[in-house]
Amino acid sequence: MLQIRETAVFRGPNIWARMPVIHYVVDIGELEDRPSNKIPGFYEELVEHIPSLYNHGCSIGKPGGFLKRLREGTWMGHVMEHVALEIQNLAGAEVGRGKTRGTGEKGIYNVTFQFDQEDVGLAAGQLALRLLNHLVYKTEPELDYQAELETVIKIAERLAYGPSTGAIVQEGKRRGIPVLRLDAQRSLVQLGHGKFQRRIWATVTSDTANISVEVAKNKELTNRLLHEVGIPVPRGQMVSSVDDAIRAARRIRYPVVLKPGDGNHGRGVCINLTSDDEVTEFFPVAMRESRSGEVIVESYITGKDYRILVVDNQVVAVAERVPAHVVGDGAHTVRELIEITNSDPRRGVGHEKILTRISIDEQTVEVLERAGIGFDDVPDESLFVQLKLTGNMSTGGTSIDRTDDIHADNVEIARQAAMVVGLDIAGIDFIAADIAQSVRQTGGAIVEVNAGPGFRMHTHPTEGHPRHVGRAVVEMLFPRGAPARVPIVAVTGTNGKTTTSRMIAHIMKTAGKRVGMTTTDGIYIDGSQIMAGDMSGPTSARMVLKNPTIDYAVLETARGGILRSGLGYDRCNIAVVTNVSSDHLGLKGVDTLAELARVKAVVPQSVLRDGASVLNADNEWTVDMTRSARGEIIFFSMNEDNPVIRDHMRERGRAVVLRETRQGEMITVIEHRRETSLLLASQIPATFEGRARVNIANALAAAGAALADDVQLDYIRLALRTFASSFYQMPGRFNMLDLGGKRVVVDYCHNLAGLEAMADFVKRMEAEKTVAVISVPGDRSDGDMRAFGDLAGKTFDRIVIREDDNTRGRKSGAISEILRAAAAAGGMGDSNITVVIDELEAVKHAVDMADKTDLVVLMIDKPVKVWEMLTGFGASAI
């Protein structure tokens with residue numbers, strides 16, 4: 001039996017692909033020894049169920065390629081990938097990318113396939129699993145594949161964009177504009193990021209004026225405004241009673257039209273009424289659809305019904321609307337013809353498909369009675385039998401494209417009508433004998449101006465050429481050359497991510513940007529924290545990109561988020577990789593440094609072509625990323641003599657390096673062999689006069705990111721000179737306090753590489769004695785814990801061992817015992833090791849035991865609470 005062991009949904013670029021994918025770990029069991037060509041009848045039955053698998057080229061690259069692989073023999077995980085893709089395609093998606101690879105364990109495969117709608121992809125994956133088990137093992141005799149496929153199709157139809165929204169979204173994606181769906185149950189969509197974003201709700205945009213929508217709803221007001229500028233409209237009057245309607249109809253003269261004073265989609269519209277009795281009969285129909293309690297009576301204009309779409313004051317499409325109807329064949333009744341027409345797969349309920357099914361209602365009965373036709377009558381062959389009063393698509397009408405036929409006078413009239421009402425997107429209902437002739441000569445009128453018009457009749461006309469009207473909307477919202485994205489700097493690595501992110505954000509704020517930033521401390525908008533906690537994942541990134549006030553984004557991107565669901569953005573402008581070192585190994589299938597580097601490499605692989613990847617030349621794993629990183633490569637290094645830097649300079653590349661000069665260690669920018677001294681490392685407050693080497697490296701990375709964005713060097717200098725390692729600027733990162741003469745350092749040091757950097761800092765501080773509070777997260781390996789404890793014992797004179805509140809699956813006391821034993825084995829005496837499990841109690845104990853001249857290093861998990869406790873003791877920032 002095939003079984004799914006693990007499921008993950010990646011909504012952004014990830015370790016498997018640069019697109020949204022679903023990833024399964026699939027156990028194919030004994031089928032590891034039975035490829036597809038060794039299972040009797042499997043090929044024939046699978047093709048019988050899904051003949052469209054012929055379209056899959058697979059690795060062969062042409063139709064029929066996957067079927068060839070099936071006949072030759074392929075593994076069932078690979079088959080599942082293709083079946084899941086094709087089920088989605090049968091549900092209306094357009095997906096084709098997938099990948100299946102072995103895990104190294106016999107019979108276990110990583111199966112990855114593209115999705116468009118998450119729920120549809122998951123349902124397709126489950127149905128693929130059940131179908132394959134059914135075909136191979138006959139274990140699911142109750143499986144009705146066609147019925148379950150219909151269920152997947154219904155899920156897809158429920159979640160799919162409507163035709164109008166879909167046309168705009170498709171064009172936005174074609175233009176490379178980011179698309180964020182804000183409400184899965186409705187068509188509320190964000191196009192673009194930050195301050196450049198625009199929103200659409202179907203065909204109402206964030207630029208659509210509310211006053212214009214209200215004017216369009218008021219039919220009487222709309223007609224009056226149009227009439228006052230000379231645009232032809234029917235004579236009309238607003239009424240609220242049957243008697244008033246009859247009087248108005250007599251004054252206007254029959255035939256007349258009744259319509260709700262504020263209706264839409266043709267609901268409640270009754271046309272060609274020729275007598276007082278008909279007005280009396282149909283008045284309640286119009287009143288039921290009126291929210292204002294008023295009905296408009298207007299003169300009936302004879303002619304064909306046209307819809308003219310105006311976008312940004314330009315006519316972009318014209319359609320002739322034909323009312324719902326059937327055509328007689330001399331054999332079937334009207335009722336049967338309606339059923340035959342509704343069986344057209346293009347017809348669905350509401351706006352779910354390009355045509356709407358024809359419903360039988362009171363209006364249908366009335367129209368047929370007027371024509372003297374009954375539902376059980378058999379119309380003559382070719383007889384046009386009208387079923388609805390109006391040509392609205394929502395009532396089952398059809399459309400004929402007439403964009404190329406419209407007369408110039410009618411174009412101008414439609415444009416002016418949209419401008420008078422003030423709509424950026426308007427559907428103009430035009431009645432005319434022939435749209436190809438000027439209504440100034442032939443007669444005709446605008447009978448309605450609609451806000452939020454549907455696009456179906458233009459994008460999928462029943463006859464004629466489809467019109468790409470979504471393009472006009474996107475061109476209006478984002479004129480050519482106008483930005484849609486805010487610049488994104490994505491920062492990843494093992495250590496230094498948060499500090500580097502903060503440095504970059506500080507530089508950009510100094511340069512005048514309003515920065516949205518995510519870090520492991522929280523989310524910040526223009527320097528103000530709006531959410532606290534670890535916010536380095538994809539959800540937090542999307543929160544920043546949805547914020548309409550930012551014009552720049554700096555996004556710390558941690559390993560965990562990449563492994564859980566990918567990146568929170570499709571592309572970034574600049575990627576920064578600080579380093580890759582041993583941390584989190586043994587978690588989520590990442591067991592080696594090479595595998596960890598592969599995860600981190602997702603970020604530089606997502607850089608835009610004209611962007612840049614800023615990489616650490618001193619770290620072999622980041623240097624190796626140059627093979628897959630996109631954009632320009634900019635290196636940073638603590639050693640300008642690094643061979644990687646020398647080779648890069650020979651190729652006229654750009655770099656930021658630390659150079660020894662007579663004044664001291666100088667951060668130097670090298671651009672195409674031109675060298676510029678930026679500032680001394682000791683001038684950056686966060687480096688403690690050059691003692692905190694990690695912050696020099698972080699400053700180099702931040703300067704590299706700013707260089708990639710062509711920030712003026714003066715802004716970079718000023719920002720780094722004012723970047724301090726204070727609690728308010730960098731909580732929990734090398735924060736130093738004075739507590740009655742004791743120097744206290746608060747830092748979120750949690751892995752061996754971080755401790756090595758801290759040990760170097762402690763040595764440079766030249767303290768007489770040192771006291772440290774240490775711990776390691778519980779999900780680290782025993783080996784990493786022992787190495788940490790050993791180094792701590794060799795670095796500090798006395799240590800206090802604590803544990804996090806969340807020991808991540810280990811028993812209380814287990815972590816501290818490993819650290820204690822390692823420190824003791826490394827030579828630290830038992831009298832210098834204290835175990836205090838609670839973090840705040842451990843901090844208090846360490847501070848109390850320290851002498852006045854000691855250096856106290858607090859490696860903690862709760863920087864805010866520790867800071868508040870220390871300042872409560874009278875500590876002050878240094």
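Everything below is about the structure shown above.
Note that residues are indexed from 1 along each chain, following the sequence as it is written. Only residues with pLDDT of at least 70 get local features here, since the model is predicted, and only at 80 or more are side-chain atom pairs given and counted; chain-wide, interface and lining totals rely on the full set of residues. Excluded from the side-chain calculation are hydrogens and water; included are all heavy atoms of the structure.

A. The arrangement of the sheet that holds strand S22 (residues 488–492) in detail. Any two strands are treated as partners once DSSP identifies two or more bridges connecting them. Only DSSP runs of H or I with at least four residues qualify as helices, and only runs of E with at least two residues qualify as strands; both kinds are numbered from the N terminus onward. Here eleven strands make up an open sheet; going across it, the order is S25-S24-S23-S26-S22-S27-S28-S29-S30-S31-S32 and the pairing mixed. With partners counted over all chains shown, the strands left at the sheet margins are strand S25 (528–532) and strand S32 (674–680), one partner each. In this sheet, neighbouring strand axes are inclined to one another by 15° on average, regardless of whether the strands run parallel or antiparallel. In the sheet, S22 pairs with strand S27 (residues 572–577) via four bridges, with the strands oriented parallel. Where helices are involved, their axes are fitted lines through C-alpha atoms of the stretch in contact, as for all axes, and angles between N-to-C directions lie from 0 to 180°.

B. Focus on the nonpolar core. With 49 residues, the main nonpolar core has Ala-553, Tyr-569 and Phe-635 as its most contacted residues. Only heavy atoms matter for contacts: two residues are in contact if any of them lie within 4.5 Å across the pair. Those residues in contact with Ala-553 that lie beyond four places of it in its chain are Val-486, Pro-487, Ile-488, Val-489, Gly-516, Val-544 and Leu-545. By size, the runner-up hydrophobic cluster in this structure holds 47 residues, among which are Leu-46, Ala-93, Ala-123 and Ile-155. Among buried residues, the Ala, Val, Leu, Ile, Met, Phe, Trp, Tyr and Cys ones that are joined through side-chain atoms within 4.5 Å form a nonpolar core. The cut-offs for exposure are 20% and 50% of the maximum accessible area for each residue type, with area from a 1.4 Å probe on protein chains only; residues under the lower value are buried, those over the upper are exposed, and the others partly exposed.

C. Region of interest: the environment of Val-866. Counting through the fold element by element, Val-866 comes out in helix H29 (residues 863–872). A C-alpha to C-alpha distance of 19 Å links Val-866 and Leu-755, two positions 111 residues apart in sequence. Once you skip the residues sitting within four places of it in the chain, Val-866 turns out to touch Val-746, Glu-839, Leu-840, Val-843, Leu-858 and Ile-860.

D. A look at the sheet that holds strand S11 (residues 270–273). In spatial order, the strands read S9-S12-S10-S11; together these four strands make up an open sheet with antiparallel pairing. The two strands at the open ends of the sheet, each matched to only one other strand, are strand S9 (236–239) and S11. Averaged over all pairs of adjacent strands, the angle between strand axes in this sheet comes to 20°, irrespective of strand direction. For strand S10 (residues 256–260) and S11, the ladder comprises two bridges, and the chain directions are antiparallel. Residue Val-256 lies in a different strand from S11, and its bridge partner there is Leu-273.

E. Molecular detail of the environment of Val-474. You can see Val-474 is positioned in helix H16 (residues 469–477). Here the alpha-carbon distance between Val-474 and Ala-167, two residues 307 residues apart in the chain, equals 9.8 Å. With near-sequence residues (within four places) excluded, Val-474 lies in contact with Ile-168, Glu-171, Gly-172, Arg-175, Ile-177 and Pro-479.

F. Spotlight on the pattern of salt bridges. Whenever Lys or Arg places a side-chain nitrogen within 4 Å of a carboxyl oxygen from Asp or Glu, that contact is recorded as a salt bridge. For the structure shown, the criterion picks out 62 salt bridges. Taking the shortest distance from any N to any O, the salt bridge between Lys-388 and Asp-361 comes out at 2.8 Å. Of this pair, Lys-388 sits in the loop between strand S18 (384–386) and strand S19 (398–401) while Asp-361 sits in the loop between strand S17 (355–356) and helix H12 (362–371), and the two are 27 residues apart along the sequence. The closest approach of N and O atoms between Asp-782 and Arg-810, which form a salt bridge, is 2.8 Å. Here the residue Asp-782 occupies a position in helix H26 (residues 782–795), and Arg-810 occupies one in the loop between strand S36 (798–801) and helix H27 (814–825), the gap between them amounting to 28 residues.

G. Region of the structure containing a nonpolar patch on the surface. Like-charged residues are merged into a patch within 9 Å and nonpolar side chains (Val, Leu, Ile, Met, Phe, Trp, Tyr) within 5 Å, provided each residue has over 30% relative accessible area and no salt bridge. Exposure was quantified through the Shrake-Rupley algorithm and a 1.4 Å probe, taking into account, for residues, occlusion by the shown protein chains and nothing else. Nonpolar side chains collect at one region of the surface, where Ile-530, Met-531 and Met-543 lie side by side and expose about 250 Å² of accessible area between them. Checked against the element boundaries, Met-543 lands in helix H18 (residues 538–546).

H. Fine view of the environment of Arg-502. Along the chain, the position of Arg-502 falls in helix H17 (residues 497–510). For the pair formed by Arg-502 and Tyr-524, sequence separation is 22 residues and the distance between their alpha carbons is 10.0 Å. In this structure Arg-502 touches Met-517, Thr-519, Asp-521, Tyr-524, Phe-723, Gln-729, Met-730 and Pro-731, once residues within four positions along its chain are discounted. Definition of a polar contact: a pair of N or O atoms within 3.5 Å, with one able to donate and the other able to accept a hydrogen when the atoms are protein atoms, and with sequence-neighbouring residues admitted only if both atoms are side-chain atoms. A polar contact of 2.7 Å, which involves the side chain of Arg-502, links it to the side chain of Tyr-524.

I. Structural context of the packing of aromatic side chains. Two aromatic rings from Phe, Tyr or Trp, using only the six-membered ring of Trp, form a pair when their centres are within 6.5 Å; if the ring planes differ by under 30 degrees the pair is stacked, by over 60 it is edge-to-face, and anything between is tilted. If you walk through the whole model with that rule in mind, you get six aromatic pairs. Plain terms: the ring middles of Tyr-728 and Trp-867 are 6.3 Å apart, the flat faces sit at 80° to each other, and that makes the pair edge-to-face. Here Trp-867 lies in helix H29 and Tyr-728 lies in the loop between helix H24 (713–721) and strand S33 (735–739), a separation of 139 residues in the sequence. Among the residues examined, Trp-867 registers a relative accessible area of 7% and is labelled buried. Members of the aromatic cluster, joined through ring pairs, are Phe-688, Phe-734 and Phe-761. When the NZ atom of lysine or the CZ atom of arginine is within 6 Å of a ring's centre and also within 35 degrees of its normal, the charge is said to sit over that ring. A cation over a ring is seen here: Arg-598 above Trp-16, with NZ or CZ 5.2 Å from the ring centre.

J. How the structure looks around the packing of helix H25 (residues 752–765) against H26. Contact geometry for H25 and H26: axes closest at 10 Å, N-to-C directions at 10°. Relative to H26, the element H25 lies roughly parallel. Where H25 approaches H26, its residues Leu-752, Leu-755, Glu-756 and Ala-759 are matched on the opposing element by Ala-787, Phe-788, Leu-791, Ala-792 and Thr-795. Each residue is assigned to one class: nonpolar for Ala, Val, Leu, Ile, Met, Phe, Trp, Tyr, Cys and Pro, charged for Asp, Glu, Lys and Arg, and polar for all the others, Gly among them. Across the contact of H25 with H26, the residue classes tally to seven nonpolar, one polar and one charged. An angle counts as roughly parallel when it lies under 35 degrees, as roughly antiparallel when it exceeds 145, as roughly perpendicular when it falls between 65 and 115, and as oblique in every other case.

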